[in-house]
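Analysis of the macromolecular model
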Amino acid sequence: MTIAVTGATGQLGGLVIGELLARGPAAGIVAIVRDEAKATDLASKGVQIRIASYEDPDALRRALDGVDQLLLISGSEVGRRVPQHTNVIEAAEAAGVKLIAYTSLLNAATSGLGLAPEHVATEKRLGESSIPAVFLRNGWYWENYLQAIGQAASSGALFGAAGDGKVAGAARADYAAAAAAVLTSDADQGGKIYELGGDERLTYADLAKIIGEVAGKTVEYRDLPEADYAKILADNGVPEQFAAVLAGSDAGIARGELDTTSGDLQALIGRSSTPVAEIVKAAIA
Ligand SMILES: NC(=O)c1ccc[n+]([C@@H]2O[C@H](COP(=O)([O-])OP(=O)(O)OC[C@H]3O[C@@H](n4cnc5c(N)ncnc54)[C@H](OP(=O)(O)O)[C@@H]3O)[C@@H](O)[C@H]2O)c1
């Protein structure tokens, strides 16, 4: 069984490969990367390195030669992702890949998040493919809040636009463990949809309280209108377009779109999700 992972030099991809290495021989793992220089560590562990950008259909076709199962990690170039993911899927079809797992977005089918349409379009293309597909609809990484946690711990205020909506976040490593569980499962995964979120379903006021407990001071949540929050992010150096995406995601949290009680993550990883306090401790340290 040969398992390939795209985005293997990214944060999630690296964690997935770590999980796969813990479960089986390195020779059966293919890391698909666009920048070989970033993959020296993976190569030193015996993982096969193949070079392909999501923009290069021929290289993708070569990279997928002999691959049985593929984890397509959604790209990070928002706005370019549908043609990029389509390139990967077409290359997988040409290479005879037998299963594609795709990292989608929690509640993608109904989500109003600005990030959702590219995931929905990718899921649709996968649904039309001859290759069986499994959707790993990842919820928010707690690590998305690393910078905000650091700022909140020093200033005493956590800013956002999520109202009293709950986010069922989990550590990036939890989602990686779930992906590895699916890729190494004996059960048929084709057609499955996993709605992945953590045990802790927190409002931002809950998160502020936890930050305060870890930091040993009072931290309050200050809820802002979406536009005001986007402006604060932009004023703090977040590129304007991305600031709008982040503030819009908070509006989605207010609507409950990054919340789940599915239990799918816990069932896949066989344990509870990593406590957010651990991420908060790391952020403050
Ligand atoms: N659920 C969440 O909270 C959340 C948060 C952020 C992102 N995401 C999504 O989940 C994905 C994985 O998260 P992450 O934290 O691992 O992100 P990341 O560290 O930014 O990794 C993204 C990976 O995609 C690769 N990539 C981007 N464009 C590519 C292209 N044109 N051709 C080939 N490879 C390309 C990057 O390659 P390089 O290593 O060469 O840059 C990198 O390896 C992200 O890409 C994004 O779609 C989810």
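Given the structure is predicted, the values throughout are model-derived calculations rather than measurements.

1. Looking at helix H9 (residues 226-235)
Taken residue by residue, H9 has Tyr229, Ala230 and Leu233 as its buried positions. The arc that holds the buried residues of H9, viewed along the axis, is 100 degrees, so those residues lie on one side. Within H9, the exposed residues directed more than 90 degrees away from the buried face are Ala227, Lys231 and Asp235. In the segment just after H9, Gly237 is the residue with positive phi, at about 100 degrees.

2. A few points about the UniProt feature "domain: NmrA-like" (unreviewed entry) in the protein
UniProt records the feature "domain: NmrA-like" (unreviewed entry) for residues 2-246 in the present numbering. As annotated, residues 2-246 comprises 42% helix and 17% strand, and the C-alpha atoms at either end are separated by 36 Å.

3. Quick notes on the pattern of salt bridges
Side chains that differ in charge, positive against negative, can pair when their charged atoms come close. Per the counting criterion, the structure on display carries 16 salt bridges. Residue Asp41 is joined to Lys45 by a salt bridge in which the shortest nitrogen-to-oxygen separation is 3.2 Å. Overall, the relative accessible area of 46% leaves Asp41 in the partly exposed class. The closest approach of N and O atoms between Arg137 and Glu195, which form a salt bridge, is 2.7 Å.

4. So, the domain arrangement of the protein
Here the protein is partitioned into domain 1 (3-138 + 172-195) and domain 2 (143-167 + 199-260 + 270-284). A straight line from the C-alpha centre of domain 1 to that of domain 2 covers 28 Å. Opposite the 12 residues of domain 1 that make contact, domain 2 presents 13 residues. Summing the contributions of domain 1 and of domain 2, the shared interface buries around 990 Å²; its carbon and sulfur component is 51%. The interface formed by domain 1 and domain 2 includes one salt bridge. If you look at where domain 1 meets domain 2, you find six residue pairs in polar contact (both at pLDDT 80 or more). No other element matches the three residues that helix H7 (residues 172-183) contributes to the side of domain 1 that touches domain 2. Grouping the amino acids of the side of domain 1 that touches domain 2 by side-chain chemistry returns five nonpolar, four polar and three charged.

5. Details of the sheet that holds strand E3 (residues 48-51)
What the seven strands build is an open sheet, ordered E3-E2-E1-E4-E5-E6-E8; its pairing is parallel. Unpaired on one side and paired on the other, E3 and strand E8 (193-196) mark the two borders of the sheet. Averaged over all pairs of adjacent strands, the angle between strand axes in this sheet comes to 20 degrees, irrespective of strand direction. Where strand E1 (residues 3-5) meets strand E4 (residues 69-72), three bridges bridge the pair, whose relative direction is parallel. In the sheet register, Ile3 faces E4, and the bridge partner there is Gln69. Packed onto the sheet, helix H1 (residues 11-23) meets E1, strand E2 (29-33), E4, strand E5 (99-105) and strand E6 (133-138) and runs at close to 160 degrees relative to E1.

6. Examining the side chain of Arg50
Mapped onto the secondary structure, Arg50 falls in strand E3. This buried residue, Arg50, is left without a salt bridge; Asp65 holds the nearest opposite charge, at 6.0 Å. Among the polar contacts made by the side chain of Arg50, one reaches the main-chain carbonyl oxygen of Asp65 at a distance of 2.8 Å. If sequence neighbours within four positions are ignored, Arg50 has contacts with Val30, Ala31, Ile32, Val33, Arg62, Ala63, Leu64, Asp65 and Val67.

7. Digging into the packing of aromatic side chains
Counted under the stated rule, the structure contains four aromatic pairs. Consider the rings of Tyr141 and Tyr175, whose centres lie 5.7 Å apart with planes at 50 degrees: the pair is tilted. Taken together, the positions of Tyr141 in the loop between E6 and helix H6 (146-155) and Tyr175 in helix H7 put the pair 34 residues apart, joining distant regions of the chain. An aromatic cluster is built from Trp142, Tyr145, Tyr204 and Tyr221, whose rings are joined through pairwise contacts.

8. Comments concerning the nonpolar core
One finds Val16, Leu64, Leu70, Leu71, Val97 and Ile100 to be the most contacted residues of the largest nonpolar core, which totals 59 residues. Among the elements that make up this core, the one with the highest residue count is H7 (nine residues). The residues touching Val97, leaving out its near neighbours within four places in the chain, are Leu64, Val67, Asp68, Gln69, Leu70, Ala92 and Ile131. The next biggest cluster of nonpolar side chains, apart from the first, holds 29 residues, and it includes Leu106, Trp140, Val167 and Ile211.

Criteria and cut-off values
- Residues numbered from 1 in each chain as written.
- Predicted model: local features only at pLDDT ≥ 70, side-chain atom pairs only at ≥ 80, totals over all residues.
- Heavy atoms only, no water.
- Buried < 20%, exposed > 50% of the residue type's maximum accessible area, 1.4 Å probe, protein only.
- Helix = DSSP H or I, 4+ residues; strand = E, 2+ residues; numbered from the N terminus.
- Arc of directions from axis to C-beta.
- UniProt positions renumbered as here; feature names shortened; annotations may be inferred.
- Salt bridge = Lys/Arg side-chain N within 4 Å of Asp/Glu carboxyl O.
- Domains from an automatic or database assignment.
- Contact = heavy atoms within 4.5 Å.
- Buried area = accessible area lost by both parts, 1.4 Å probe.
- Polar contact = N/O pair within 3.5 Å; in protein donor to acceptor, adjacent residues only side chain to side chain.
- Nonpolar A, V, L, I, M, F, W, Y, C, P; charged D, E, K, R; others polar.
- Pairing = 2+ DSSP bridges.
- Axes fitted to C-alpha atoms, helices over the stretch in contact; angles between N-to-C directions.
- Lys, Arg positive; Asp, Glu negative; His and termini not counted.
- Phe/Tyr/Trp six-rings, centres within 6.5 Å; stacked < 30°, edge-to-face > 60°.
- Core = buried A, V, L, I, M, F, W, Y, C linked by side-chain atoms within 4.5 Å.

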